[in-house]
There are 2 protein chains.
Amino acid sequence: MKYGYSQRMANLNGTATREIFKLLSRPEIISFAGGLPASECLPEREIAQIASELLSGKDAMRILQYGTSEGFDDFRDALVKYVEKVGIVGQERENSLVISGGQNGIDLVLKTLIDKGDTVLVEDPTYLAFLQILNSYEGRAVGVRANADGLDIDDLTRKIEKHKPKLLYVVPTFSNPTGKTYTAENRKAIADLTAKYGVTVLEDDPYGKLRFSGSPVPSLKSFDQCGNIVYITSFSKLISPGLRTGVAVGDKEIIRKMTICKQGTDLHTSNLSQLIVKEYMTKYLEGHIEQSLPLYKKRKQAMIKAIDAYMPFLEHTDPDGGLFVFGKLPCGLDAAKLLPQAVERNVAYIQGSVFYADGGHEDTIRLNYSNASEEQIERGIKSLAQLIKEKIGGIRQ
Amino acid sequence: MKYGYSQRMANLNGTATREIFKLLSRPEIISFAGGLPASECLPEREIAQIASELLSGKDAMRILQYGTSEGFDDFRDALVKYVEKVGIVGQERENSLVISGGQNGIDLVLKTLIDKGDTVLVEDPTYLAFLQILNSYEGRAVGVRANADGLDIDDLTRKIEKHKPKLLYVVPTFSNPTGKTYTAENRKAIADLTAKYGVTVLEDDPYGKLRFSGSPVPSLKSFDQCGNIVYITSFSKLISPGLRTGVAVGDKEIIRKMTICKQGTDLHTSNLSQLIVKEYMTKYLEGHIEQSLPLYKKRKQAMIKAIDAYMPFLEHTDPDGGLFVFGKLPCGLDAAKLLPQAVERNVAYIQGSVFYADGGHEDTIRLNYSNASEEQIERGIKSLAQLIKEKIGGIRQ
């Protein structure tokens, strides 16, 4: 049978994210490739207890029956309170939509806005899966230059004027892949500029709560002047990715459109996941995050220490939170070509080039530190350093 | 803020399904509008026990962490066995994809195949949500005539030749909205014809297991000669809609493409939902369905009896399973215009016109009998009959 696939399929291939998840299942691999939260920080006991109580209590039937596409009202009310902590105030239930994880939120925003050929501005580099989902809508990503403070506002202005984009997508706190955080001034400038030009913004904040040093910065959405910013966050890094639950907050009109789109893609998010997250969020989340942060901090420090010890030639970021260090290999080494050899030595990472709107930057790599022990991090970085040294030796000879 | 919505949004409005779910929350309403399984048949006790065991056992961590887009391997293996009961044999794990309910399966098939302007053939009338999701891909639905045996094969042939469709979509067992079941001969003819013309078929089977009279008919997919038929089924009507879990079975190539699409829409189905359904399916499902069927049968009989008693003027179907009776109002009454008055009298249904590819058929209605008691069914139909009689009286005067 020869299928007549849609044109969008020509842009989609399952390589990076999905194939990486498969690698992770080999137990001998020390993986810096994924974006998994620390398994030690997933609260199995409390979730077991909550699920058991929910399913044997008065909520059982509303969990088992159909729900509405928006999500449960009481969960949405709790979520609107939850985002106040990142400075998003004055929102009502109708400003919120329960999503099946951050991926689902991205998909719904793009489905609501993007036609074939539409331009979306992204930080260069940006979240790989965003670029892939944009491909599925046959949209076009244009990279915006960035610096230590956030986006380069001059370049952003030029690109808004030149491309008249439908959307700007950013991960302003502990960005994927760089781990960088935009300053409050930079956020305000982005909010002002996009309001002026009427550009919708998608602020993706999966990692913001995982801050183990430095001071919190208010969300980009907290600087929103005219309702042009949609904020999404998920509980995948804080409670459990397997439950696939998050929230989108935005202007009521666009939230309603996203809800109609959600009705057609998964009808609604698992009711059981929604109420587990609601209960956990209310009872335990704050304390749980505080307890988790030292582990993330130690692992990041272990990675930075190992890099400095074994591969001081790697230019790299040093984030205050989140999951990733981003680095630049010496001598223009090609990270993608190096990967199979690294995997042979039981170390995995992702080549940085896939995070750039137009590719290139073949000498960059993203290293995840959250789901390996300090000992594994040291061993993995040492092993990777040895490989890189052999390659550099080869180049220099 | 004025948003630049995508063109697909012009085709989407949240009226029918979503707004109906909202109506259902008013407790005084006797609703024949939804498609909810009988709440009495949702196995809360067993699910509570399974969830508790899963989350405090060896599976806890694989439930809480990220999974793969395909779904859990052991669940997929069990699902491939499960579909053998509808005659789908010789399938391997790679022929299956876990989906977040039937809606998600429809979305993924359309995403994989449909470009703007592509034609999809559907039975006239067909599942409303299918038409809405097709709208979101800017595809075009063309209705195929049907008869008591299934699709009209001559009309199907003509329309394949004329429209060169990308896809044929059918619900061959206890169709939504008519409750009709295609004969085995009709299924074979559809399989032969679509194989000959190279048309992909989506067989949607959410209700097949809910047969309370007559003899089972093998699935359309069991007649598949060349891998052109994708079969989807969900556990929403058998275990719990709130868990959002089902399966797609098809040729490995198209399943792989659908998996790539799924990666971009919800990454994967809730791990907890997957394993609850796997455990329930293995331990309880067969016996549970047998225990549930008498209730569905009684409710359908109660509806048919009430219709015959109070509105003998309604032409209607009399299904052997599933959730719906489809009827035709007398004197060309407009079901959509009548609905607000019915709701004033605390009865709800859906106008049949929304199930037709090209609308029309304003005098048809879909009546759901699965989620109301026999007493409510009698009272609701009586009340609706009274309203209709008043209207007919008005017309005749």
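Residues numbered from 1 in each chain as written. Chains lettered and ligands numbered in written order. Predicted model: local features only at pLDDT ≥ 70, side-chain atom pairs only at ≥ 80, totals over all residues. Heavy atoms only, no water.

Chemist: Before we move on, could you go through the environment of M9(B) and cite the residues and values that matter?
Modeler: Secondary-structure assignment places M9(B) in the segment before helix 1 (16-23). In contact with M9(B), other than residues within four places in its own chain, are K111(A), T112(A), K257(A) and C261(A). (Helix = DSSP H or I, 4+ residues; strand = E, 2+ residues; numbered from the N terminus. Contact = heavy atoms within 4.5 Å.)

Chemist: Mind laying out the sheet that holds strand 12 (residues 324-328) of chain B, listing which residues take part and the relevant values?
Modeler: Residues and elements named next belong to chain B. With antiparallel pairing, four strands are arranged side by side in an open sheet as 11-12-15-14. Every interior strand has two partners, whereas the edge strands, strand 11 (315-316) and strand 14 (350-351), have only one. In this sheet, strand 15 (residues 364-368) lies alongside strand 12 in antiparallel orientation, the contact comprising five bridges. Within strand 15, the residue paired with F326 across the bridge is R366. (Pairing = 2+ DSSP bridges.)

Chemist: Describe the nonpolar core, naming the residues involved and giving the relevant values.
Modeler: F130(A), L367(A), F130(B) and L367(B) are the most contacted members of the largest nonpolar core, which has 225 residues in total. Among all residues touching F130(A), those that are not within four sequence positions of it are I106(A), L110(A), V120(A), V122(A), L167(A), Y169(A) and L202(A). (Core = buried A, V, L, I, M, F, W, Y, C linked by side-chain atoms within 4.5 Å. Buried < 20%, exposed > 50% of the residue type's maximum accessible area, 1.4 Å probe, protein only.)

Chemist: Please give an account of the packing of aromatic side chains that cites residues and values.
Modeler: By the definition in use, this model includes 14 aromatic pairs over all chains. With a centroid separation of 5.2 Å and an interplanar angle of 45°, the aromatic rings of Y82(B) and F235(B) are classed as tilted. Residue Y82(B) is located in helix 4 (residues 73-82), and its partner F235(B) is located in the loop between strand 9 (229-234) and strand 10 (246-249); the two are separated by 153 residues in the primary sequence. A single burial state applies to Y82(B) and to F235(B), both of which are buried. Positioned above the aromatic ring of F72(A), the side-chain terminus of R62(A) is 4.5 Å from the ring centre. Positioned above the aromatic ring of Y5(A), the side-chain terminus of K257(B) is 4.9 Å from the ring centre. (Phe/Tyr/Trp six-rings, centres within 6.5 Å; stacked < 30°, edge-to-face > 60°. Lys NZ or Arg CZ within 6 Å of the ring centre and 35° of its normal.)

Chemist: For the pattern of salt bridges, give the residues involved together with the corresponding values.
Modeler: All names here are of chain A. Here the structure, examined in full by the defined rule, presents 56 salt bridges over all chains. Between K188 and D192 there is a salt bridge; the shortest N-O distance is 3.0 Å. Taken together, the residues span about one helical turn, with K188 and D192 both in helix 8 (residues 184-197) at a distance of four residues. A relative accessible area of 28% places D192 in the partly exposed class. The structure contains a network of salt bridges with shared partners spanning E53, K58, D59, R62, D74, K278, E279 and K283. (Salt bridge = Lys/Arg side-chain N within 4 Å of Asp/Glu carboxyl O.)

Chemist: Please provide a residue-by-residue account of the packing of helix 7 (residues 153-163) of chain B against helix 8 (residues 184-197) of chain B, values included.
Modeler: Residue and element names in this part refer to chain B. Here helix 7 crosses helix 8 at 15°, and the two axes come no closer than 11 Å. The orientation of helix 7 relative to helix 8 falls into the category roughly parallel. When you trace helix 7 past helix 8, the crossing you get is right-handed. In this structure, helix 7 contributes I153, L156, T157, I160 and E161 to the contact, and helix 8 contributes N186, A189, I190, L193, T194 and Y197. For the contact of helix 7 with helix 8, the residue count by class is seven nonpolar, three polar and one charged. (Axes fitted to C-alpha atoms, helices over the stretch in contact; angles between N-to-C directions. Parallel < 35°, antiparallel > 145°, perpendicular 65-115°, else oblique. Left-handed = near helix turned anticlockwise from the far one by under 90°. Nonpolar A, V, L, I, M, F, W, Y, C, P; charged D, E, K, R; others polar.)

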